[in-house]
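An overview of the molecular structure
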Amino acid sequence: MNSLTEDLWSIILARLPLKSIITSKLVCKQWKSIVESPYFRKSLYQNLHSSSWSLLVWDDKKDVGTTLYGCEPSIGSYILSFLTNKFEIQRDKYEYSVWDYTDVGLILVSEVSKKPSILINAVYVANPVSQDCIELPSHLKEYVFPLGIVTRTENGVVLDYKVVLLDFGNVNENMEISLLIYSSETGLWSLSIVHLPSSLYYQYFYRSISLNGNLYWLNRNSDNEDVIVSHDFYATGTDSDRCRVTLYPDSGKHPKFRRGCTISQGFLMYMNVVSITKDDGSLEDKLSIWKLKSGEWQLVSEISVDCVNPSFDHIPVTINSVDAKTVYFWNRKHQSLVAANICNGKFVLHSELEHSGRSPNSFECFKRSDCPSFVLPQWLHLTPVRGV
């Protein structure tokens, strides 16, 4: 083995699963140097391994995603094993919840005191695959709510991140919200007062989606219409430059299912079944898919539901995170996940769902469009902290 050159070792190690590669760094200094080199990550590993992802549903008791479909071993198993290994000793005093999943593999975990004072005690940023976990400096107030985590990346490597907490104690009638923001670049918390547009119903905050330095969350405006609120935490300028309110592309119509969004190939995506008026005045149900690009919705696909499946009995769930041509539905008749190719209209039942740890509340999550996807990290570096 000592006769093998470093180039050969690089080729051999790059073919291992990500978790095994991370473990291999502990074998010797040579392997650690190889694995952490930019050449290994960019030229070898990422060329050999396509992005993997899992579809998750929320467990009401543990508030953590359970894998429904995705890579092997399941990403959900990474998350559950990480929470167990990291926090098992402290579970008699605290409860741990996963509040947010980023588009680059980091998760946001909160530590909440058990009765009698159910308050957030600590916040962690973690990579569940490498088991890397960082506790953020304590700067928590009594009425704070984790809004999400945003990242800044370069060529798939996380350069820094920001954790955003909403301070409910300082929400007022002037459409101002107070955000506590932790920056990994400075290692400090800061207070930011954000002025939201007056048309919003500001007290309605749903699970956020993290993408390209922005947080997106579902809200309603004064006309009781569904809108998407986004805030760019890396942009400079006024609140009007950083905070946007976007109507859904089918606003004013009556889609068949509750609105929600997902991420695919670096874009915020939305799909629903909408009734379209034909030339003869009759209505036709169409599965429509849009992506949000530069603040504008672009129609990606629009196909007739009757042509795809005459007895359409499916709930739209999500779009494949790494392949925008594949979408997923929940088949109510067979109680199973279904994959559909929007190019050829082919539907395929997924038996993998039956042995992937299905949560008992999966169906309710599907109806609420509350199924985040988690992408396996494509970098092999530790979570960035100040001074690293």
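Quick summary incoming for the structure in this document. (Residues numbered from 1 in each chain as written. Predicted model: local features only at pLDDT ≥ 70, side-chain atom pairs only at ≥ 80, totals over all residues. Heavy atoms only, no water.)

A word on the overall build of the protein. Each helix and strand in the protein was counted, giving 8 helices and 23 strands. A total of 388 residues make up the protein; the buried ones form 52% of that total. A separation threshold of at least 6 residues defines the contact pool for the protein, and within that pool the share at least 24 residues apart is 46%. Split by element, the accessible area of the protein, about 18800 Å² in all, is 49% carbon and sulfur. (Helix = DSSP H or I, 4+ residues; strand = E, 2+ residues; numbered from the N terminus. Buried < 20%, exposed > 50% of the residue type's maximum accessible area, 1.4 Å probe, protein only. Contact = heavy atoms within 4.5 Å. Areas by Shrake-Rupley, 256 points an atom, 1.4 Å probe, with all protein chains shown as cover.)

For the rest of this paragraph, the subject is the pairing of strand β9 (residues 176-183). For β9, a buried count of 7 out of 8 residues is recorded, marking the element as mostly surrounded by other parts of the structure. Sheet topology note: the strand β8 (residues 157-167)/β9 ladder contains 6 bridges and is antiparallel. Directly across from V164, in β9, lies its bridge partner I181. Where β9 meets strand β10 (residues 188-195), 8 bridges bridge the pair, whose relative direction is antiparallel. Along β10, the bridge assignment pairs L180 with L191. Where β9 folds back on β10, the antiparallel hairpin that results is connected by 4 residues, among which G187 adopts a positive phi of roughly 75 degrees. (Pairing = 2+ DSSP bridges.)

Of note in the backbone geometry, N212 takes a positive phi value of approximately 50 degrees without being a glycine. Classification of N212 as exposed rests on a relative accessible area of 51%. We note that N224 has phi near 65 degrees; this positive angle belongs to a residue other than glycine. Along the polypeptide, N224 turns up in the loop between β12 (214-220) and β13 (226-232).

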